[in-house]
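Okay, here's what each chain looks like letter by letter:
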Amino acid sequence: MLLLQQTTLVPKLLLFSKSDFGFKPCSVSLSTRLSLMDKHTKSSSLKQFQSPVLACQASTDTHDTSFRKDDLPVHGVSEVIVGVLGGGQLGRMLCQAASEMAIKVMVLDPLTNCPASAIAYDHMVGSFDDSATVQEFAKRCGVLTVEIEHVDAATMEKLEQQGVDCQPKASTIRIIQDKYLQKVHFSRHGIPLPDFMQIDDLEGAKRAGDLFGYPLMLKSKRLAYDGRGNAVAKSEDELSSAVNALGGFDRGLYVEKWTSFVKELAVIVARGRDNSISCYPVVETIHKENICHLVKAPADIPWKIRKLATDVAHKAVSSLEGAGVFAVELFLTKDGQILLNEVAPRPHNSGHHTIESCYTSQFEQHLRAVLGLPLGDPAMKTPAAIMYNILGEDEGEPGFHLAHQLIGRALNIQGASVHWYDKPEMRKQRKMGHITIAGPSMGIVEAQLKSMLKEEGSESQTAVKPRVGIIMGSDSDLPIMKDAARILTVFGVPHEVRIVSAHRTPEMMFSYALSAQDQGIQIIIAGAGGAAHLPGMVASLTPLPVIGVPVRASALDGMDSLLSIVQMPRGVPVATVAINNATNAGLLAVRMLGVGDTDLLARMSQYQEDTRDDVLKKAEKLQTDGWETYLNP
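Residues numbered from 1 in each chain as written. Predicted model: local features only at pLDDT ≥ 70, side-chain atom pairs only at ≥ 80, totals over all residues. Heavy atoms only, no water.

An unreviewed UniProt entry annotates the protein chain as phosphoribosylaminoimidazole carboxylase of Populus trichocarpa. For the protein chain, the Sequence similarities (unreviewed entry) comment in UniProt is given as "In the C-terminal section; belongs to the AIR carboxylase family. Class I subfamily." As its UniProt record puts it under Pathway (unreviewed entry), the protein chain is described as follows: "Purine metabolism; IMP biosynthesis via de novo pathway; 5-amino-1-(5-phospho-D-ribosyl)imidazole-4-carboxylate from 5-amino-1-(5-phospho-D-ribosyl)imidazole (carboxylase route): step 1/1." (UniProt positions renumbered as here; feature names shortened; annotations may be inferred.)

> Can you explain the pattern of salt bridges? Please cite residues and give values.
One pass over the full model with this rule turns up 23 salt bridges. Residues Glu256 and Lys219 are paired through a salt bridge, measuring 3.4 Å at the closest nitrogen-oxygen approach. Of this pair, Glu256 sits in strand E10 (residues 253-257) while Lys219 is found in strand E8 (residues 216-220), placing the two residues 37 residues apart along the sequence. For Glu256, a relative accessible area of 3% corresponds to the buried category. In this structure, the salt-bridge partner of Arg612 is Asp613, at a minimum N-O distance of 3.3 Å. On the basis of relative accessible area, Arg612 is assigned to the partly exposed category, the value being 47%. Shared partners join several salt bridges into a network, and the residues in it are Glu136, Lys139 and Arg140. (Salt bridge = Lys/Arg side-chain N within 4 Å of Asp/Glu carboxyl O. Helix = DSSP H or I, 4+ residues; strand = E, 2+ residues; numbered from the N terminus. Buried < 20%, exposed > 50% of the residue type's maximum accessible area, 1.4 Å probe, protein only.)

> Pulling in residues and values, what's your account of the state of the cysteines?
Disulfide: a covalent bond connecting the sulfur atoms of a pair of cysteines. Enumeration according to the criterion identifies zero disulfides in this entry. Just so you know, Cys114 is unpaired, no disulfide at all, and the nearest cysteine sulfur is the one on Cys95, 8.5 Å from it. (Disulfide = S-S within 2.5 Å.)

> So, the environment of Val283: which residues are in play, and what are the values?
Among the secondary structure elements, Val283 is positioned in strand E13 (residues 283-288). Val283 gets classed as buried once you look at its relative accessible area, which sits at 2%. Along the backbone, Val283 and Ile386 are 103 residues apart, and their C-alpha atoms lie at a distance of 9.6 Å. Apart from residues no more than four positions distant in its own chain, Val283 is found in contact with Glu264, Leu265, Ala266, Val295, Lys296, Ala297, Ala299, Ser350 and His353. (Contact = heavy atoms within 4.5 Å.)

> Could you give an account of the sheet that holds strand E6 (residues 143-146), with specific residues and numbers?
The four strands are arranged E5-E4-E3-E6 in an open sheet whose pairing can be described as parallel. Where the open sheet ends on each side, the last strands, each with one partner, are strand E5 (122-125) and E6. On average, each strand axis in the sheet is inclined to that of its neighbour by 25°, with strand direction left out of account. One ladder, built from four bridges, connects strand E3 (residues 82-85) with E6; its direction is parallel. Bridging across to E6, Val82 finds its partner in Val143. (Pairing = 2+ DSSP bridges. Axes fitted to C-alpha atoms, helices over the stretch in contact; angles between N-to-C directions.)

Below is the structure:
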């Protein structure tokens, strides 16, 4: 095997056999390699190389750190090779994100056909928790990171002492690997946690039960994930069986007070090399049999709970060392508290939705962070998204067949994106892929999910959801309100027309206003005459914008309706148009939707141009024919 070793200004050629290394051979031909080396030899007399240019490079020598990084040529986003310990689905998606920016990612994984192997810049076959293998792998990389925390932290510490760039830091990996040590660390930093204590024998477990009560959660300190390493004792009599289920006290156990939570939440947090922190929106995670089943983004929780969860996640990651993406899992309790469950120092299942739903995916963000690039925007670019884990439903080929059927249905769902991890073996409850459905509201994406899963009562995936709700207190308002519907039809905006009386059917009005957002409604046009309570009452119940249309009644010529609508108390805004002018209400709704819809904005511009042309034609006709002919054609 050919290799460039950087020791002086002029690279020298070293010769190794392929058997010297435990990774895949290069796909680059020998003649191409010699050509590339010749090219670089000629052009390198005044420049030094940051890293060799060929894939599959390796060296048994230690890194030469005598050169200055500022003098290195950078062609593209970064010339640094990112080494990832682990080549599972997280490594695969890191490679996919890296390919968009031509960032080189090498993975270390014991499986020759691991999910990341097909698309990685290079794959070294070997164990990521074997010290010698990790040290050898580190020589090929500019920065070392992880996609699984069950690595050899002691080796990473040794590598850091030798000057190897590890992100996040080995100290963080060591803390996270031991869940009890993790709890101790966060407790010392004032992070809210469930009560916990170490247990070394059955008497200690009984004391914990007396102190915390039952049910009692017993956990393994190390090598626990996806519910593995957890056991519940519902009474003192079940303590022994729970301990045995976890492998006994020699495994290292601790207990947590049972947390009666109403929702499980998660926050993906990115930390840059400059210690800058960027938090993604809070999501809700729904588990089945201790494995993540669904992720809803954003979580359906009050804003103050979102802020509290984000603050806890921010504080937790700030207490750790190193750059990268961290997943902070949280409990929301009945009394509105946020308690930290655990932290993962890597991209996470709860952040998969970000590939489609956010401006910067968690995988791109992790690469940005470990390479020292500016952190990207974590905001959602779609109002709602659901991530569904594709778990093995059966062993072997029957399981693949069931997954194939599910994927086939997903490909027919509007807004759905399929991610298949290409794992060679199917096992029950194994994570084989995921599907993200993005849409204009949580109600709509939930309906799409039900359709994909063929759940009872699910609506057809082809059903068009209304974006504007036109409501009125009586059918006597319909001759006026039809003009709003006509405008929306002209612009191709899906809408619904409903009779919802503030006085005669207040329960219906209450239900409609509270559910409109979840149903995908983005704007409500409310027409009312007389006292005109409907627009204001609806505006007080929904965060959506409400446009009021004063309808002329038999008395006061509609002035009573107009004044009633415009005199809403502070904090209850209602946009208002002229009396009986539902046309303008429809146009205003189109303009509001056009802020985030370029097609609608273009249609509105065309509408304005057509209106102008219509006026010019009339003006020309009047000037040409004269007013008498114009009036009497």
